[in-house]
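# Residue-level structural notes
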Amino acid sequence: MALYITEECTYCGACEPECPVTAISAGDDVYVIDAGTCTECDGGEAACASVCPSDAIVKG
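As the structure is a computational prediction, the values presented were derived from the model and not from experiment.

## Concerning unusual backbone geometry
For Tyr11, which is not glycine, the phi dihedral falls at a positive 65 degrees. With respect to the element layout, Tyr11 can be found in the loop between β1 (3–5) and β2 (24–26). Even without being glycine, Asp55 reaches a positive phi, approximately 50 degrees. With respect to the helices, strands and loops of the structure, Asp55 is situated in the loop between α1 (47–51) and β4 (57–59).

Put into structure tokens, the structure is as follows:
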């Protein structure tokens, strides 16, 4: 199950460069995670979620 970004996203962009599989991209109002690419950092702590200042990245 992939991670996703909620409406709480502030569009700061901190998460995008942290993704080791480049699954995050800028959407219209919030950043989005490609569920087919996201590996949740192979079961470890999600790199993107650890840098999100608004805690907008959650498990889907």
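## A word on the packing of aromatic side chains
Counted by the stated rule, this structure contains one aromatic pair. Relative to Tyr31, the ring of Tyr11 has its centre 5.0 Å away and its plane inclined at 45 degrees; by these criteria the two rings are tilted. Of the two residues, Tyr11 is situated in the loop between β1 and β2 and Tyr31 in strand β3 (residues 31–33); the sequence distance between them amounts to 20 residues.

## Examining the confidence of the model for the chain
Summary statistics for the chain give a mean pLDDT of 95 and a share of 100% for residues scoring 70 or more. Considering each helix and strand of the chain separately, the mean pLDDT is smallest for β4, with a value of 95, and largest for β2, with 98.

Rules used throughout
- Residues numbered from 1 in each chain as written.
- Predicted model: local features only at pLDDT ≥ 70, side-chain atom pairs only at ≥ 80, totals over all residues.
- Heavy atoms only, no water.
- Helix = DSSP H or I, 4+ residues; strand = E, 2+ residues; numbered from the N terminus.
- Phe/Tyr/Trp six-rings, centres within 6.5 Å; stacked < 30°, edge-to-face > 60°.
- pLDDT = per-residue confidence, 0-100.

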